[in-house]
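# Coordinates in review
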Amino acid sequence: MSDKKKSLTVFKTDRHEDIAAIIASAIIVAIVLIYMAFVVPSVNLNAQQDGKLTEVFVAEGATVKKGDKLYSLEVVKKKWKDNVMEEKHVIQEFTAKANGKVLKIAGKIGDKVKKDKGLIIQLSHQRGTLP
Amino acid sequence: MKILLALDDNPRSLAEALRLARERGATLNALFVIDSTWEMFTGHDWLSGCNSRIGFLEYMHTTEEETAAATAIAFKKEVEGIPGELLTVTGDVAEEIRREAEKGYDLLVMSSPFTRGLEMMRDTVARVTKKLPCDIFLVKAEPKK
Amino acid sequence: MEDKNIFGKLLAIVPGLAIMVGTLFVLRVYVEPWMSQVTLFGYKGWLVKVMSLNYIVMSILLGMFYRNVLFGGKIPGWAEDGFRTTRLFIKIGVIMLGSLYTFDKLLKVGGVAITLIVAFVFGTAIFILWLGKRLNADRSVSSVMAAACGVCGVSASVATAPGVRAKPVDLALCIATILGFGIASMFVSPYIGKLLNMSDYQFGAWVGTGILNSGQVLATCLAFNPIFAPGTAVAYGEIWNVVRVISIPFVVFFITAWYWKNEAAVERVSLSSIIASKFPIFVIGFVGMTALSSLHILGAEGSETLRVIREVMAWVFGVGLVGLGAYIDVREIKAAGGTPLKIGLIAGLLKYLLALIIILAFIPKEGAF
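Thresholds applied
Residues numbered from 1 in each chain as written. Chains lettered and ligands numbered in written order. Predicted model: local features only at pLDDT ≥ 70, side-chain atom pairs only at ≥ 80, totals over all residues. Heavy atoms only, no water. Helix = DSSP H or I, 4+ residues; strand = E, 2+ residues; numbered from the N terminus. Rg over C-alpha atoms; globule rule 2.2 N^0.38 Å. Buried < 20%, exposed > 50% of the residue type's maximum accessible area, 1.4 Å probe, protein only. Contact = heavy atoms within 4.5 Å. Areas by Shrake-Rupley, 256 points an atom, 1.4 Å probe, with all protein chains shown as cover. Disulfide = S-S within 2.5 Å. Expected span 1.5 Å × (residues − 1). Buried area = accessible area lost by both parts, 1.4 Å probe. Salt bridge = Lys/Arg side-chain N within 4 Å of Asp/Glu carboxyl O. Polar contact = N/O pair within 3.5 Å; in protein donor to acceptor, adjacent residues only side chain to side chain. Axes fitted to C-alpha atoms, helices over the stretch in contact; angles between N-to-C directions. Parallel < 35°, antiparallel > 145°, perpendicular 65-115°, else oblique. Left-handed = near helix turned anticlockwise from the far one by under 90°. Nonpolar A, V, L, I, M, F, W, Y, C, P; charged D, E, K, R; others polar. Pairing = 2+ DSSP bridges. Phe/Tyr/Trp six-rings, centres within 6.5 Å; stacked < 30°, edge-to-face > 60°. Lys NZ or Arg CZ within 6 Å of the ring centre and 35° of its normal.

## Some points on the overall build of chain C
Per the secondary structure count, chain C includes 17 helices and two strands. In summary, chain C has a C-alpha radius of gyration of 21 Å against a globular reference of 21 Å for 369 residues, a match within 12%. When the backbone C-alpha atoms are referred to their principal axes, chain C occupies close to 65 × 50 × 45 Å. Sorting the 369 residues of chain C into buried and exposed places 60% on the buried side. Within chain C, residue pairs in contact and separated by at least 24 positions form 80% of the contacts whose partners lie at least 6 positions apart. Accessible area of chain C: about 13,800 Å², with a carbon and sulfur share of 71%.

Shown next as structure tokens:
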């Protein structure tokens with residue numbers, strides 16, 4: 001039997017591999033959550049979509065609560081409606097995901113921003129919360 | 001003279017190897033390789049969770065062992081009076097044939113195309129003849145019905 | 001291999017794994033960004049946007065290149081243990097995909113997915129059993145092909161083979177057929193999807209229903225749209241995938257029961273034992289991750305935390321997909337033939353096209369979430 005089962009996967013059996021995958025994904029997620037909640041002192045909020053910065057609702061040094069508006073972007077929203085792609089220019093507001101403090105405001109109103117590029121706000125968050 | 005016959009399910013290669021061994025008074029060793037590459041063949045099968053794959057590989061191993069046993073019986077019946085032995089090993093078929101051929105044989109007899117295990121999907125002859133230390137006699141396999 | 005201690009085993013994984021991670025690193029960090037800037041035929045980023053040559057597709061292609069060209073058809077011994085972690089990486093990725101959903105989202109789409117999957121899985125299986133009879137195919141060949149084309153390709157054929165006493169030669173031909181068909185559809189589908197202006201929802205639903213191998217469903221969805229986020233092709237395709245994977249034990253039971261019904265020797269087939277031995281338990285991890293997401297433990301949508309989790313997920317998948325490519329041996333696929341090829345081509349194409357027609361006719365472009 002050992003001859004048959006050897007080297008089937010890096011694990012003894014496929015069932016071990018399944019369990020290892022569950023444990024590994026739990027560990028990965030736990031590491032990310034702990035890192036974000038307790039290790040990272042602040043996060044850089046880049047634009048989540050391509051667009052134009054239309055408003056910044058907070059000032060440097062201000063304290064924000066979860067759900068508070070941070071900034072707004074004018075974006076092109078694409079949505080399928082009745083099987084037709086609709087493109088609309090809308091103003092979308094982005095909020096704080098955790099309590100914290102505004103460290104820096106780098107974005108200027110009227111700036112054109114690209115998704116995931118270009119810092120808008122740097123925010124510190126309360127320890128133990130997920131920014 | 002020492003002849004190595006690589007066994008598959010082609011009866012013509014066995015018949016030719018026997019004829020040569022008789023004609024030349026040679027020793028005839030036959031090699032049956034239990035194919036262990038099924039695991040790699042199904043390696044992309046990543047969603048088969050739990051024991052599907054292990055059950056399958058065990059089934060393939062059992063099937064291969066049954067074929068080995070049946071081949072051994074058939075070979076022993078035919079080979080009477082010719083010196084030599086039947087060798088059964090487990091591994092990559094082409095690699096095992098070449099490894100055995102390196103042990104001082106004068107001639108390797110095998111069928112073309114070679115159909116032992118998963119080798120029917122591969123060009124075994126090309127893989128075996130690469131750096132082969134002895135002569136090779138390829139026997140055309142009978143077309144499958 | 002057997003007598004290596006745990007340290008030795010971990011060390012043996014390093015070379016192969018280093019190739020997989022290194023390949024993805026180069027593709028994601030250097031090659032794809034460069035390609036998206038290159039202007040070809042007057043279109044900036046033509047290679048990525050028009051040809052769908054994103055890092056996911058390139059990972060698979062490069063994996064295939066390693067195996068078939070660089071390594072000469074066989075992963076060498078020194079890299080084998082590392083490449084064997086492929087399945088682990090993709091399974092971790094699949095489990096982490098659970099974080100894209102909440103239970104209410106799953107419920108919205110789950111009904112459609114279950115209806116389509118059940119209809120197509122059993123419809124295809126029954127069609128193949130009938131077709132096999134017409135083509136005078138061996139009953140075990142029909143059974144394995146029914147499972148393979150019905151549910152999820154290689155996984156299902158492998159799960160069914162022992163129960164129906166499939167011959168190795170037939171099985172090898174079945175697997176080659178399924179893989180060949182799957183790989184072809186993996187590279188062709190994104191273009192069809194874009195040509196027909198399909199939405200992510202439609203595309204995920206189509207390939208989830210129509211592509212034979214589950215591994216290729218994810219890769220195809222990511223080739224269409226490489227973003228991991230709710231509402232993307234991979235988010236929808238994975239729901240279909242999970243339903244398919246869960247259905248494997250039931251299909252295996254159905255086909256095995258059919259096979260033994262007409263055999264002289266009788267073998268007792270029990271659904272409970274098939275479920276116990278074949279249920280893919282990593283699906284429990286996927287559901288667990290969805291539970292965490294539903295309880296908002298993984299951070300709010302749009303948060304930096306979720307962005308990091310999805311970034312990690314993309315890396316995990318990418319590494320796995322390099323390995324997936326390296327398990328594709330083109331010569332073995334070219335050897336496909338015989339009755340399995342006939343059955344596979346007829347049933348596979350029919351399923352692929354029928355799924356496309358039904359999705360275009362009945363599934364709206366606007367996604368459910």
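## Here we look at unusual backbone geometry
Across the junction of Ser112(B) and Pro113(B), the peptide omega takes the value 0 degrees, indicating a cis bond. Considering the arrangement of structural elements, one finds Pro113(B) in the loop between strand S4 (107–112) and helix H5 (124–129). Its identity as a non-glycine residue notwithstanding, Asn197(C) has a phi of 55 degrees, on the positive side. By relative accessible area, which is 45% here, Asn197(C) ends up partly exposed. Non-glycine residue His296(C) carries a positive phi angle of around 60 degrees. Among the structural elements, His296(C) can be located in the loop between helix H14 (282–294) and helix H15 (304–326). Judged by relative accessible area, His296(C) falls into the exposed class, the value being 60%.

## Some remarks on the environment of Val56(A)
For Val56(A), the position within the fold is in strand S2 (residues 51–56). When the C-alpha positions of Val56(A) and Leu73(A) are compared, they lie 9.2 Å apart, and in sequence the two are 17 residues distant.

## A look at the state of the cysteines
Put plainly, a disulfide is one covalent bond tying together the sulfur atoms of two cysteines. All names here are of chain C. Inspection of every chain in the model, using the stated rule, returns zero disulfides over all chains. A disulfide-free cysteine, Cys149 has its sulfur positioned 8.3 Å from the sulfur of Cys174, the nearest such atom. The exposure class assigned to Cys149 is buried, which follows from its relative accessible area of 0%.

## A look at helix H17 (residues 338–362) of chain C
Residues and elements named next belong to chain C. Between its first and last C-alpha atoms H17 spans 36 Å; for 25 residues at 1.5 Å apiece the expected length is 36 Å, and the two agree. Turning to H17, its buried residues number three or more, namely Pro340, Ile343, Gly344, Ala347, Gly348, Lys351, Tyr352, Ala355, Leu356 and Ile359. The elements touched by buried residues of H17 are helix H6 (103–134), helix H7 (139–150), helix H9 (168–195) and helix H10 (200–210).

## Quick word on the interface of chain C and chain B
In this assembly, 42 residues from chain C lie in contact with 28 residues from chain B. The junction of chain C with chain B conceals about 3,100 Å² of combined surface from both sides, 70% of it contributed by carbon and sulfur atoms. Counting the surface chain C buries against chain B, the share from its top three residues, Arg87(C), Tyr327(C) and Glu332(C), is 22%. Inspection of the chain C/chain B interface yields three salt bridges. The interface formed by chain C and chain B contains four residue pairs in polar contact (both at pLDDT 80 or more). Counting residues per element, the ones that place at least two in the side of chain C that touches chain B are helix H5 (86–97), helix H8 (153–160), H9, helix H11 (214–224), helix H12 (233–261), helix H13 (271–278) and helix H16 (330–334) of chain C.

## Notes on the packing of H6(C) against H7(C)
All names here are of chain C. As a packed pair, H6 and H7 sit with axes 8 Å apart at the nearest point and diverge in direction by 150 degrees. Taken together, H6 and H7 sit at an angle that is classed as roughly antiparallel. As H6 runs across H7, the sense of the crossing is right-handed. For the pair formed by H6 and H7, the contact residues are Val121, Thr124, Ala125, Ile128, Leu129 and Gly132 on the first element and Ser142, Ser143, Met145, Ala146, Cys149 and Gly150 on the second. Class assignment for the residues of the contact of H6 with H7 results in seven nonpolar, five polar and no charged.

## Considering the side chain of Ser247(C)
All names here are of chain C. Note that Ser247 resides in helix H12. Ser247 sits in the buried class, given a relative accessible area of 12%. In this structure, Ser247 is in contact with Val121 and Val151, ignoring residues within four places of it in sequence.

## Thoughts on the sheet that holds S2(A)
All names here are of chain A. In space, the four strands of this open sheet follow the order S5-S4-S2-S7, with antiparallel pairing throughout. Each edge of the open sheet is held by one strand with a lone partner, namely strand S5 (84–95) and strand S7 (112–113). Pairing geometry for strand S4 (residues 69–81) and S5, over 12 bridges, is antiparallel. Pairing of Lys77 across the sheet is with Lys88, part of S5.

## Topic: the packing of aromatic side chains
Geometrically, a pair of aromatic rings is defined through the distance of the ring centres and the angle of the planes. Here the structure, examined in full by the defined rule, presents 19 aromatic pairs over all chains. Considering the side-chain rings of Tyr101(C) and Phe286(C), the 5.6 Å spacing of their centres and the 55 degrees angle between planes classify their relative orientation as tilted. You can see Tyr101(C) sitting in the loop between H5 and H6 and its partner Phe286(C) sitting in helix H14, a full 185 residues away along the chain. Per residue, the accessibility class of Tyr101(C) equals that of Phe286(C), and both read buried. Consider the rings of Phe181(C) and Tyr352(C), whose centres lie 6.3 Å apart with planes at 85 degrees: the pair is edge-to-face. Taken together, the positions of Phe181(C) in helix H9 and Tyr352(C) in helix H17 put the pair 171 residues apart, joining distant regions of the chain. By relative accessible area, Tyr352(C) is classed as buried at 7%. Of the aromatic side chains, those joined through ring pairs into one cluster are Phe65(C), Tyr66(C), Phe71(C), Trp78(C) and Phe83(C). Just above the ring of Phe57(A) sits the side chain of Lys69(A); from NZ or CZ to the centre is 5.0 Å.

## Digging into the pattern of salt bridges
Under the criterion given, the structure shown has 25 salt bridges over all chains. Across the pair Glu95(B) and Lys74(C) runs a salt bridge, and its minimum N-O distance is 3.4 Å. On the criterion of chain membership, the pair formed by Glu95(B) in helix H4 (residues 93–101) and Lys74(C) in the loop between helix H3 (55–70) and helix H4 (77–83) is interchain, its members lying in two chains. In this structure, Arg307(C) and Glu304(C) form a salt bridge, with 2.9 Å as the shortest nitrogen-oxygen distance. Remark: Glu304(C) and Arg307(C) occur in helix H15; sequence separation between them is three residues, near one turn of the helix. What makes Arg307(C) partly exposed here is its relative accessible area of 37%. Judged by its relative accessible area of 15%, Glu304(C) is buried. In the salt-bridge network here, residues are joined through shared partners; they are Asp92(B), Glu95(B), Glu119(B), Arg122(B), Arg127(B), Lys74(C) and Glu332(C).

## Examining the sheet that holds strand S1 (residues 42–46) of chain A
All names here are of chain A. The strand order across the open sheet formed by four strands is S1-S8-S6-S3, and the pairing between neighbours is antiparallel. One side of each edge strand has no neighbouring strand; the edge strands of this open sheet are S1 and strand S3 (63–64). Where S3 and strand S6 (residues 100–105) come together, two bridges link them in antiparallel fashion. Bridge pairing in S6 places Val64 opposite Gly100.

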